[in-house]
Amino acid sequence: MIELINVTKSFTNGIHALSGINLHIGKEEFVFLVGSSGAGKTTLMKLLYRDEIPTSGKVIVDRINVTELDASQIPYLRRNIGIVFQDFKLLPKRTVYENVAFALRVTGALRSTIRRKTMQALELVGLLRRVNSFPDELSGGEKQRACIARAIVNNPPILLADEPTGNLDPATSWDILQLLDKINKRNTTVVVSTHNKNIVDEMKKRVIELEGGRLVRDQQLGTYNVK
Amino acid sequence: MLSSLEFFIVEAFRSIRRSALMSFVAIATIIVSLTIFGLFLLLVLNMGNIVGSISSRMDLVAYVYKDLSLDDAGVIQIKISNLPGVEKVEFTSKTEAWNNFKDEFNSKLNLNEVVYDNPLPHTYMVRVRNADMLPQVAKEISSIDVVDEVRYNGKLIQQIKSLISAVRVGGTALVIMLSFATLLIVVNTIRLTVIARETDIYIMKLVGATDNFVKWPFIIEGIIIGVVGGVTSLLILKLSYEAVVNRILQALPFLPLITDYGLLMAIYATMFFGGTALGMIGGYISVSRVLKNEMQ
Ligand SMILES: Nc1ncnc2c1ncn2[C@@H]1O[C@H](COP(=O)(O)OP(=O)(O)OP(=O)(O)O)[C@@H](O)[C@H]1O
Ligand SMILES: [Mg+2]
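Residues numbered from 1 in each chain as written. Chains lettered and ligands numbered in written order. Predicted model: local features only at pLDDT ≥ 70, side-chain atom pairs only at ≥ 80, totals over all residues. Heavy atoms only, no water.

## A few points about helix H5 (residues 140–152) of chain A
Keep this limit in mind: Secondary structure counts use DSSP, requiring at least four H or I residues in a row for a helix and at least two E residues in a row for a strand, with both numbered from the N terminus. In this analysis, the expected span of each helix is defined as 1.5 Å times one less than the number of residues it contains. The classification of residues rests on relative accessible area computed with a 1.4 Å probe and restricted to protein chains. Under 20% of the type maximum is buried, over 50% is exposed, and intermediate values are partly exposed. Here a residue-residue contact requires only that any non-hydrogen atoms of the pair lie within 4.5 Å.
Here H5 of chain A is 13 residues long and its end C-alpha atoms lie 19 Å apart, about the 18 Å a rise of 1.5 Å per residue gives. Of all 13 residues that make up H5 of chain A, 11 are buried, and the element is covered over most of its length. Within H5 of chain A the residues assigned to the buried category are Gly141, Glu142, Gln144, Arg145, Ala146, Cys147, Ile148, Ala149, Arg150, Ala151 and Ile152 of chain A. Turning to H5 of chain A, the residues buried within the fold contact strand S6 (81–84), helix H3 (96–105), helix H4 (111–124), strand S7 (158–162) and helix H6 (170–185) of chain A together with helix H8 (198–206) of chain B.

## A short note on unusual backbone geometry
Residue and element names in this part refer to chain A. Phi at Phe88 takes a positive value of approximately 65°, unusual for a residue other than glycine. Position of Phe88 among the secondary structure elements: in the loop between S6 and H3. In this model, Lys89 sits at a positive phi of 50°, which is unusual for a non-glycine residue. Position of Lys89 relative to the elements: it lies in the loop between S6 and H3. Since its relative accessible area comes to 23%, Lys89 is described here as partly exposed.

## Observations concerning the interface of chain A and chain B
For clarity, the cut-off: By buried area we mean the combined loss of accessible area, with a 1.4 Å probe, across both parts when two parts are placed together. What counts as a salt bridge is simple: a side-chain nitrogen of Lys or Arg found within 4 Å of a carboxyl oxygen of Asp or Glu. Any N or O atom pair separated by 3.5 Å or less is treated as a polar contact, with the protein-specific requirement of one donor-capable and one acceptor-capable atom, and with residues adjacent in sequence counted only for side-chain atom pairs.
Listed as interface residues are 21 residues of chain A and, on the opposing side, 20 residues of chain B. Taken as a group, Arg94, Phe102 and Val106 of chain A account for 28% of the area that chain A buries against chain B, more than any other trio of residues on that side. Taken together, the links from chain A to chain B amount to three salt bridges. The salt bridge involving Glu11 of chain B is made with Arg94 of chain A; its shortest N-O contact spans 2.8 Å. Where chain A touches chain B, the interface holds five residue pairs in polar contact (both at pLDDT 80 or more).

## Remarks on the sheet that holds strand S10 (residues 214–219) of chain A
All names here are of chain A. What counts, and what does not: Each pair of strands is called paired provided DSSP finds at least two bridges between the two strands. Every angle, taken between N-to-C directions, lies between 0 and 180 degrees, and every axis is a line fitted to C-alpha atoms, over only the stretch in contact when it is a helix.
Read from one edge to the other, the open sheet built from six strands follows the order S6-S7-S8-S3-S9-S10, with strand pairing classed as mixed. Edge positions in the sheet fall to S6 and S10, since each has one partner strand and no second. Neighbour-to-neighbour, the strand axes of the sheet open up by a mean angle of 15°, direction not taken into account. Pairing of strand S3 (residues 30–34) with strand S8 (residues 189–193) involves four bridges; the strand directions are parallel. Across the sheet, the residue bridging to Leu33 is Ser193, located in S8. Those strands touched by helix H1 (residues 41–48) are S3, S6, S7, S8 and strand S9 (206–211), and its axis lies near 150° from that of S7.

## Remarks on the site of ligand 1
Residue and element names in this part refer to chain A. Here is the rule: Note on definitions. A residue lies near a molecule or strand when any single heavy atom of the residue is within 4 Å of it. To be clear on the numbers: accessible area is Shrake-Rupley with a 1.4 Å probe, and residue cover counts the displayed protein chains and nothing else.
The environment of ligand 1 is made up of 14 residues, and the closest members are Ser37, Gly38, Lys41, Thr42 and Thr43. For ligand 1, an oxygen atom lies 2.7 Å from a polar atom in the side chain of Thr42. Between an oxygen atom of ligand 1 and a side-chain N or O atom of Glu163, the distance comes to 3.0 Å. Relative to its unbound accessible area of 630 Å², ligand 1 is 66% covered by the protein chains.

## With respect to the nonpolar core
Stated precisely, the cut-off is as follows: What we call a nonpolar core is a set of buried Ala, Val, Leu, Ile, Met, Phe, Trp, Tyr and Cys residues that are connected through their side-chain atoms within 4.5 Å.
The biggest cluster of nonpolar side chains holds 116 residues, and the ones touching the most others in it are Leu4, Phe32, Leu44 and Leu180 of chain A. Top element by residues in this core is helix H9 (residues 211–251) of chain B. It accounts for 10 residues. When neighbours within four sequence positions are excluded, Phe32 of chain A is seen to be in contact with Leu177, Val192, Thr194, Ile199, Val200, Met203, Lys205, Arg206, Val207 and Ile208 of chain A. Grouped together as the second largest cluster of nonpolar side chains are 21 residues, Leu60, Val64, Val86 and Ala138 of chain B included.

## A word on the domain arrangement of chain A
A common way to state how big an interface is: give the accessible area lost once the parts meet. All names here are of chain A. As a reminder of what qualifies: An automatic or database domain assignment supplies the residue ranges for each domain. All residues other than Ala, Val, Leu, Ile, Met, Phe, Trp, Tyr, Cys, Pro, Asp, Glu, Lys and Arg, Gly among them, are scored as polar; the first ten of these are nonpolar and the last four charged.
With domains assigned, chain A is organised as domain 1 (1–80 + 156–227) and domain 2 (91–155). For domain 1 versus domain 2, the distance between C-alpha centres works out to 23 Å. Contacts between the two partners involve 14 residues from domain 1 and, on the opposite side, 13 residues from domain 2. The three residues of domain 1 that bury the most area against domain 2 are Arg79, Pro156 and Leu179, which together make up 42% of that side's buried surface. Taken together, domain 1 and domain 2 are joined by zero salt bridges. Sorting elements by how many residues they give to the side of domain 1 that touches domain 2 places H6 first, with seven residues. Looking at the side of domain 1 that touches domain 2 residue by residue, the class counts come to nine nonpolar, one polar and four charged.

Following this line, the structure appears as structure tokens:
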């Protein structure tokens, strides 16, 4: 589902965010991306949805060569990738419903389809009670649920979550990870970057560790630190 | 596209409401430019109309002081009427002219006692098809040997014509400059609303919106601003023109001002579509620029 071949990313300021990354992630996988701050986790994710372009190497997502993708095709790539952010990136002046429906609107979906799928996604994340609330009126966990609902409302085959629990308390973090696990079980590839040791250790998923832009560990049933 | 139209329109109005003051400035600018544009158009067209009606009444007069036989006079008349641009030629012999003159004045004084010789010339009244041809026709008639003098009122017409073309050139330049200024203001107005919504746009693009999808609300915002400006200015022009024309025609009922409904409608339509186009192009330029410069 996701493949990186010899990927390097250097920024114009001379920072090598990623060097020589080779990686394959299959369809049903749930992967933790770990590594200290500045290791390159966010950069790696941005390469997948073409927010950044690799300096060299090849990125393939859902059989699409992202590196060579024509700019006009980027929107269609992104409709196949749900993205969850640490800071939620919800639109403040719109309700939860509007925020989630937004991701369907941009595809030009019919109003009835938008309504049905939005409600389904909100039900899945357990936010039906808050459809008409504005982001300001939500707790951190609820905001993240809204963000996840938006990410999956299109039924994308891939879900990327960049530090989804960075702003949440431990119990809420745990709920969010359960939700991501549930989504993974519904046939979605899930990649989660995190600094949350307890969760990684508890969930026993595949763990990929970056350090200074290099892939230093790729471990099935892994833990946050090397044992 | 159609299913998104409602969304685009709602977004456009939302955006206008959020930057109400700037939108108002943009609309006011459009109103000013379009009204001036319409005023100049009406001014030029009306002046042209008036000149046209004056020049259609324009005649040219040729005098022959020598004695002419009636035969010779007839030959010259035919010669003149065969000149290109000549519509009609009337001949008045010096005798006829003298008799007419005497008929008119004999009641007041006895001319025969004062003047023994007929001092009047033979006269050819020449009607020319169009005022532009007057100088040429006059030249041709002057070159006939026996003709002593040719007179026409060409100078006034020439002056009015050059005034019209000055107004036309000045008006066109002013309108072009105003259009650019208006476009600039519309572009910047909408650019501000685009920048205010940069995060929205970034998120829209992250969830897979195409550039066109992102652009449409702003283009529609421009169209709305343009339509409001266009309609307002055409109403201002229509009402004030009608009032002014009524006034003038009360004082000078024969002045050939433009009251033709079709032509006026065409001018108003031009203003409406001009405003719409200004707004639409402004919206398109601003959102395209921001998308290009500030996001990849
Ligand atoms: N747009 C950019 N321009 C220049 N340097 C950048 C840019 N984005 C990231 N970097 C640099 O690339 C390196 C990797 O950054 P990245 O955000 O991928 O790290 P991270 O693993 O996500 O860190 P964190 O855990 O703190 O989120 C860092 O040194 C960062 O400063
Ligand atoms: Mg990061």
